[in-house]
Amino acid sequence: RRGRLGREGRASLCSFLLGASVAALPLLLGSSPALLAGPGLRGRLALALHVAGVNAALLLLYPRPLYKIAVRACFLGFAFGCGLLLSAGRSAWRHFGWYMCSLSLFHYSEYLVTAINNPRSLSLDSFLLNHSFEYNLAALSSWVEFTLEKLFFPELKQITWLSTVGLLMVIFGDCLRKAAMLTAGSNFNHIVQNEKSDTHTLVTSGVYGWFRHPSYVGWFYWSIGTQVLLCNPICVVGYALASWRFFSERIEEEEITLIHFFGEEYLAYKRKVPSGLPFIKGVKLEL
């Protein structure tokens, strides 16, 4: 039921927090928060033992179906906690820590909001970890660019004001997307629906009164913001072009379905409210 977490949602939340507890290791070890960036094996060994201990706990706590959810949520929580540790330091990896927090929280919150909003559509795919080969390749490309530029042009990765702008873009984009998911409720689905259900209604209130596709607008600016945050000039351009093309095609596909579902009601809404994405007007089709 919407507004309440089922056992899958509760398991994911507990596991995410358990994974994120890695951020407390410096307190337990009495060491600097810059645990990951510091020299020596003590911090690395502590991380390895934390991962092993948490995984053993999950195996004991949850049966196989829930364990599959828990281990993914825990992995994202662990990445979030490691991001916090990197962010607390003064090393060249500080901004990468911001990125790790942003990426892991984005993917986990996709699952959590779906668990609250539309539990019927909830699955392992709701984490969006296996979104597509192209998505994974884009993420890998950004990590490679950051690492190479950090080695050869370290000053490029120390532009704090630019990384702060990127972080603000990330926060704005993710908040807009989650607001869209919560506003749409059970009408929101990660997969474009080809058949209209009995409960499917056209949502035009809240953030849908600003943009026709606020979840895509949020994801668009979130994705570009991650690369501004990392000061990755090549990936900023690449992400902008790839995201624009993806959402242009996705919006056209989705609007054909929405026109089929709601007819003139959607066309009237389409005429009044912009898509929200630059130079994307949606499908050119009239009844």
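Below or above, wherever it landed, is the structure these notes cover. (Residues numbered from 1 in each chain as written. Predicted model: local features only at pLDDT ≥ 70, side-chain atom pairs only at ≥ 80, totals over all residues. Heavy atoms only, no water.)

### Considerations on a nonpolar patch on the surface
On the surface, Phe133, Leu137, Leu140, Trp143, Val144, Leu148, Leu151, Phe152 and Phe153 cluster together to form a nonpolar patch covering roughly 960 Å² of accessible area. With respect to the helices and strands, leucine 137 occurs in helix H6 (residues 133-152). (Patch = residues over 30% accessible without salt bridge, like charges linked within 9 Å, V, L, I, M, F, W, Y side chains within 5 Å. Areas by Shrake-Rupley, 256 points an atom, 1.4 Å probe, with all protein chains shown as cover. Salt bridge = Lys/Arg side-chain N within 4 Å of Asp/Glu carboxyl O. Helix = DSSP H or I, 4+ residues; strand = E, 2+ residues; numbered from the N terminus.)

### Structural notes on the side chain of glutamate 255
Note on placement: glutamate 255 falls in helix H9 (residues 233-262). For glutamate 255, a relative accessible area of 0% corresponds to the buried category. Within the local environment of glutamate 255, its side chain forms a polar contact with the side chain of histidine 213, the two groups lying 2.9 Å apart. At a separation of 2.8 Å, a polar atom in the side chain of glutamate 255 contacts the side chain of tyrosine 266. Setting aside its immediate chain neighbours within four residues, glutamate 255 contacts Arg212, His213, Tyr266, Lys270, Lys281, Gly282 and Val283. (Buried < 20%, exposed > 50% of the residue type's maximum accessible area, 1.4 Å probe, protein only. Polar contact = N/O pair within 3.5 Å; in protein donor to acceptor, adjacent residues only side chain to side chain. Contact = heavy atoms within 4.5 Å.)

### Brief notes about the packing of helix H7 (residues 160-184) against helix H8 (residues 214-229)
The geometry of H7 relative to H8 is characterised by a closest axis approach of 7 Å and an angle of 160 degrees between their N-to-C directions. Here H7 is positioned roughly antiparallel relative to H8, judged by the angle of their axes. H7 and H8 meet at a crossing whose hand is left-handed. On H8, the residues that touch Leu162, Ser163, Gly166, Leu167, Met169, Val170, Gly173, Asp174, Leu176, Arg177 and Ala180 of H7 are Pro214, Ser215, Val217, Gly218, Trp219, Tyr221, Trp222, Ile224, Gly225, Thr226, Val228 and Leu229. (Axes fitted to C-alpha atoms, helices over the stretch in contact; angles between N-to-C directions. Parallel < 35°, antiparallel > 145°, perpendicular 65-115°, else oblique. Left-handed = near helix turned anticlockwise from the far one by under 90°.)

### Quick word on helix H10 (residues 264-272)
Among the residues of H10, Tyr266, Leu267, Tyr269 and Lys270 are the ones counted as buried. Angularly, the buried residues of H10 cover 160 degrees about the axis, an arc narrow enough to put them on a single face. In H10, the exposed positions that point more than 90 degrees away from the buried face belong to Arg271 and Lys272. Turning to H10, the residues buried within the fold contact H9. (Arc of directions from axis to C-beta.)

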